[in-house]
Structures are given as structure tokens and as C-alpha cells.
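# Fold and geometry: a report
Spelled out from the first residue to the last, the chains are:
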Protein chains: 2
Amino acid sequence: MDRRQRRTRNLIFTAFSALLERKTYTSMTVQDIIDEADIGRSTFYAHFETKDELLKALCTDIFDHVFSEEILCEEKHDFSHHSSFRDRITHILYHLQEKQQSIRGLFSGECGEIFLRYLKEYLCQVFDEHITVSENVPHDYALDLAVSSFAETVRWWLKGHSAYSPEQMAAYYFQCSAFCIPGIIARGDDKAADPC
Amino acid sequence: MDRRQRRTRNLIFTAFSALLERKTYTSMTVQDIIDEADIGRSTFYAHFETKDELLKALCTDIFDHVFSEEILCEEKHDFSHHSSFRDRITHILYHLQEKQQSIRGLFSGECGEIFLRYLKEYLCQVFDEHITVSENVPHDYALDLAVSSFAETVRWWLKGHSAYSPEQMAAYYFQCSAFCIPGIIARGDDKAADPC
DNA sequence: TAGATACAGAACAGGTTGTCCGTTATCGGA
DNA sequence: TCCGATAACGGACAACCTGTTCTGTATCTA
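Residues numbered from 1 in each chain as written. Chains lettered and ligands numbered in written order. Predicted model: local features only at pLDDT ≥ 70, side-chain atom pairs only at ≥ 80, totals over all residues. Heavy atoms only, no water.

### Points about the domain arrangement of chain A
All names here are of chain A.
- Assigned domains of chain A: these are domain 1 (3-49) and domain 2 (64-192).
- If you look at the interface, domain 1 gives five residues, while domain 2 gives seven residues.
- Summed over both sides, the interface of domain 1 with domain 2 buries roughly 510 Å², with 60% coming from carbon and sulfur.
- Remark: the boundary between domain 1 and domain 2 carries zero salt bridges.
- The interface formed by domain 1 and domain 2 holds one residue pair in polar contact (both at pLDDT 80 or more) in total. (Domains from an automatic or database assignment. Contact = heavy atoms within 4.5 Å. Buried area = accessible area lost by both parts, 1.4 Å probe. Salt bridge = Lys/Arg side-chain N within 4 Å of Asp/Glu carboxyl O. Polar contact = N/O pair within 3.5 Å; in protein donor to acceptor, adjacent residues only side chain to side chain.)

Below, the structure is given as C-alpha cells:
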């Protein structure tokens, strides 16, 4: 990659992150980013088609970091088979913590939802092999709920409670979620419903 | 309320809902809504300051319906003290099912997130008194997770799995969530984490 | 060094936004 | 039924944002 391209791309990312701490994603215009990065209009559009593409690229940058070593571990040490689900969760939390400076800005306004949506896509792959469905519960529902709950845990953690350690958060998550994960036993209450 | 105002407001709501089935919330412009509703530009702005306000108003309309009888029951029959949490959950699901036609459109694109955010605000009030925190887990975390999981359950249900009954969904939800809700027993796995 | 390529800067048309105002139609109380 | 109030119309407006195009300049790489 051309050094000039790298420089410009960094300028845009930096400007975008800086702006996210001052205003919401929706209220931010491409013009704002151009002004903040101090680059030409056509230069921005040479790198990203839209503002959404920029956000997506930033998210991808972060997740590639968070999940790349994850995958590395998996390949090199057969991580998926010998490490517990809880270890992997903790591992992911560690990497998210490293990137928390970038991530915290992303929680402003609506793009927090977009960030979480992308996060869930990555998480689905990791969670899928670990979710064991108890009888009668649809597998995709359990997976959806497990992933969403973890994403919500990350949001809660990095948005005002980042003092907790990754291990602590993993413990909270496992304590509050049943999801038929091995090691957690949940018993349903089968009392018949009585709608008003 | 003036009959003309009511009529215009309905025209706007109807147009907005109709458009939501054809295009995403973000890609929709105020101009589109005006054209669809066939009203004057200034008329729209006399009713709603922005597109976001319109969305908020529509959500409020729905939630007022979903939770008003909820509150009614609570007041008239002392619902909160004699009915189980599960009954209330089922009850809410019933009302959401009634409104599913309006709600399904709201899940298109990004406004699904906004809808769910508002839903969570309402749910917090209902859930708060029912969440019993087990030792060491922060109360607001447990509440956040319980509410988010339920909101996610609603999304999953109305977005492709609406064939299930409210009772069935309540059962799934309770089966997959620990949350220290009375009637569900969860045991945490306290095995020490071993990050890669 | 030379050709390729990224950037700057300016300009453009097309669209959206929010506001204004004079006119017309409709409503609701007397 | 009448009349004052008010909601809607519709046309116009400036300001802004968008995405594209162009030319000249600076920088990179082979």
C-alpha cells in the first residue's frame, strides 16, 4: 500500500474518531470529516464511497485485531478444542479492552448499534460451536440470545464500567446467562401462563 | 384535538409505515413522507420537527398501547403483586403480537435499533422490581441484560418466527435466561480464566 | 530519472432541509 | 347558522450536503 494512501487513510480514521467524541454519527457529515482531516473532497471519496463505508472499515480494523489472534490461537494451539468457552470469552474481552479508546467513541448515538451488529456477526462464529441447545429451544434462538447478551455485556462494560477486569466480566456474563452452555445449569419454570 | 390535525397525523403515520415496508428508515427522506402522505411541506413540519420525532411518536403510540393495559391491570387488579413475572411477560408479548403489523416495518434498517431502545426503556420499569440479583453481580448489569435479552427475543420472534405463541416465546426466554429470576436457578462456573 | 499515481482545489448539478408567507378550507363554539 | 380561529396549501427561499469531474501539483516506485 502506497505510503500516501496509508497516511490519508490514517488522517481520515483519526478525524472520524475525534469527531465521534464531539458529535453523533448521524449528525456528522462527510464535510465535517473532510474539514477535520484537512484533506480534499475528492480524496475522501477516493478512499470511501460513503460515511457508512468508513464506519464499516473502522469496525473491521478493530475486529480484525480482536479476533485475529483469536483465530491464530485456534489454528496454532487448536484453541477451539482444548480451551474452554470461558477462556475464549475472556480472551476476546482482553482484546476489546486494548481497543477501548477507539471503541468508546463508537458507542455514541446510532453507530453504537452498527458496531454491535458487526460485533455480533464475528461472535456468531465463535459462539456457534459452543452453544448446546437444551430440548425444545430453537438453536438459532439460543445462539442469537447468547451473542446478543455478550454484545450487551461489552457495551455495559466499556460504557461506564471499564474498571472491571475481563475475568470479572466473563464471570458476570456466565453467572447471568443460562444458554445451555456446558458448566451452567438452568432449569425452566414450566408454570402455565395466565395472560390478563 | 382538532379533527383536521387528527386526520393529518394519521396520514403521516400511515405514509411512514407504508414507506418503511419499501425502503429503510435512513434512506427515507422527509420529502418521501410528504409525497406519500400527499400533504404540504409546511404541514409536516407543523406536526413533527424531524423525521426522528416522527419515529419516536410512532413508537410511543405503540408502547402506550402495549403497556397501558399492563399498567391498567396492575392498578385494577394489583397485577404486580399477585401475578408472576412470567404472566406479565406473556401479557406484554400478547400486546406486541397485536401490533406486529406496525412493528415489523420498524425493524427495517437502523430504526429497529431505535425501536428496541425505546422498548428497553419501558421494559426497565417492568423488570426492575422482578430482578433479584445474586451475590456479586451488579444490579444494573443484571437488569440491563434481562431487558436486552427480552428485547432481542421480541426481535427474533417478530422478525421471522412469529408463528410461535406468546406462551411459547415466554417459555424459551425463561429457559435461556438465568438473570436470577425467582423460579430459575443458575449456577455460575467459577473456574479461573486462562487467557491466551 | 521517468512514468504512474495520489492529492489539492475548485467548480458543478441535483437533491434535501427547514422556514416563511399569503391564501384557502375547515373546524368548533356562540 | 354564523364567525373567529386555526389548520392546511403551495410556492418560494437560502443554506447546506452530496457525489462527480476536472486540471495542476506533489510524491512514490521501478
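### Observations concerning the protein's contact with DNA strand C
- What surrounds DNA strand C is a group of 20 residues, the closest being T8, G40, S42 and T43 of chain A together with R4 of chain B.
- When the atoms of DNA strand C within 4 Å of the protein are grouped by moiety, sugar and phosphate amount to 63% of the total.
- Here a phosphate oxygen of DNA strand C sits 2.8 Å away from a polar atom, N or O, in the main chain of G40 of chain A.
- Y45 of chain B is positioned with one of its side-chain polar atoms (N or O) 2.8 Å from a phosphate oxygen of DNA strand C.
- At the level of elements, α1 (3-20) and α3 (41-47) of chain A together with α1 (3-20), α2 (30-37) and α3 (41-47) of chain B are the ones that each hand at least two residues to the surface near DNA strand C.
- In terms of residue count, the dominant contributor to the surface near DNA strand C is α3 of chain A (four residues). (Near = heavy atom within 4 Å. Helix = DSSP H or I, 4+ residues; strand = E, 2+ residues; numbered from the N terminus.)

### Remarks on the confidence of the model for chain A
All names here are of chain A.
- In this model, chain A carries an average pLDDT of 84, and 84% of its residues clear a pLDDT of 70 or more.
- The model gives residues 75-80 a pLDDT under 50, and that stretch makes 13 contacts with residues more than four places away or in other chains.
- Every residue in residues 180-196 scores below 50 in pLDDT, and together they form 39 contacts with partners more than four places removed in sequence or on other chains. (pLDDT = per-residue confidence, 0-100.)

### Thoughts on the protein's contact with DNA strand D
- Around DNA strand D sit 20 residues in total, of which R4 of chain A together with T8, G40, S42 and T43 of chain B are the nearest.
- Sugar plus phosphate: this is where 61% of the atoms of DNA strand D within 4 Å of the protein reside.
- Between Q31 of chain A and DNA strand D, the recorded distance is 3.3 Å, taken from a backbone N or O atom to a phosphate oxygen.
- Here a base nitrogen of DNA strand D and a side-chain polar atom of R41 of chain A are 3.0 Å apart.
- Top element by residues in the surface near DNA strand D is α3 of chain B. It accounts for four residues.
- Its residues assigned to classes, the surface near DNA strand D shows three nonpolar, nine polar and eight charged. (Nonpolar A, V, L, I, M, F, W, Y, C, P; charged D, E, K, R; others polar.)

### Considering helix α6 (residues 85-98) of chain B
Residue and element names in this part refer to chain B.
- Given a rise of 1.5 Å per residue, 14 residues ought to cover 20 Å, and the 20 Å separating the end C-alpha atoms of α6 matches this to within 8%.
- Among the 14 residues of α6, eleven are classified as buried, and the element is accordingly described as predominantly covered.
- Residues F85, R86, D87, R88, I89, T90, H91, I92, L93, H95 and L96 constitute the buried set of α6. (Expected span 1.5 Å × (residues − 1). Buried < 20%, exposed > 50% of the residue type's maximum accessible area, 1.4 Å probe, protein only.)

### Description of unusual backbone geometry
- At D38 of chain A, a residue that is not glycine, the phi angle is positive and equals roughly 55°.
- Residue classification places D38 of chain A among the exposed residues on the basis of a relative accessible area of 67%.

### Things to note about helix α8 (residues 111-128) of chain B
Residues and elements named next belong to chain B.
- Here α8 contains 18 residues, and its C-alpha end-to-end distance of 25 Å stays within 8% of the 26 Å for a straight helix at 1.5 Å per residue.
- Of all the bends in α8, the largest measures some 30° and sits at Y122.
- Along α8, the residues that are buried comprise C111, G112, E113, I114, F115, L116, Y118, L119, L123, V126 and F127. (Bend = angle between axes of the 7 residues up to and from the residue.)

### Here we look at the nonpolar core
- One finds F127 of chain A together with F127 of chain B to be the most contacted residues of the largest nonpolar core, which totals 122 residues.
- Those residues in contact with F127 of chain A, other than ones at most four positions away along the chain, are F85, I89, L143, A146, V147, F150 and Y173 of chain A. (Core = buried A, V, L, I, M, F, W, Y, C linked by side-chain atoms within 4.5 Å.)

### Regarding the packing of α6 of chain B against helix α9 (residues 139-158) of chain B
Residues and elements named next belong to chain B.
- Look at α6 against α9: their axes get within 12 Å of each other, and the N-to-C directions meet at 40°. With respect to each other, α6 and α9 are oriented oblique. Handedness of the crossing formed by α6 with α9: right-handed. Contacts between α6 and α9 pair I89, I92, L93, L96 and Q97 from the former with F150, V154, W157 and L158 from the latter.
- Grouping the constituent residues of the contact of α6 with α9 by class yields eight nonpolar, one polar and no charged. (Axes fitted to C-alpha atoms, helices over the stretch in contact; angles between N-to-C directions. Parallel < 35°, antiparallel > 145°, perpendicular 65-115°, else oblique. Left-handed = near helix turned anticlockwise from the far one by under 90°.)

### Examining the state of the cysteines
- Scanning all chains against the criterion turns up zero disulfides over all chains.
- In this structure C59 of chain B is a free cysteine whose sulfur lies 7.3 Å from that of C111 of chain B, the closest cysteine sulfur available. (Disulfide = S-S within 2.5 Å.)

### Let's talk about the pattern of salt bridges
- Going through the model one piece at a time under the given rule, you end up with 16 salt bridges over all chains.
- In this structure, R22 of chain A and E36 of chain A form a salt bridge, with 2.9 Å as the shortest nitrogen-oxygen distance. In this pair, R22 of chain A sits in the loop between α1 and α2 (30-37) while E36 of chain A sits in helix α2, placing the two residues 14 residues apart along the sequence.
- Judged by its relative accessible area of 58%, R22 of chain A falls in the exposed class.
- Two residues, D2 of chain B and R4 of chain B, come together in a salt bridge whose shortest N-O distance is 2.9 Å.
- The partly exposed category is assigned to D2 of chain B, whose relative accessible area is 31%.
- Since its relative accessible area comes to 63%, R4 of chain B is described here as exposed.
- Look at the salt bridges and you will find they share partners, linking E113, E152 and R155 of chain A together with R117 and K120 of chain B into a network.

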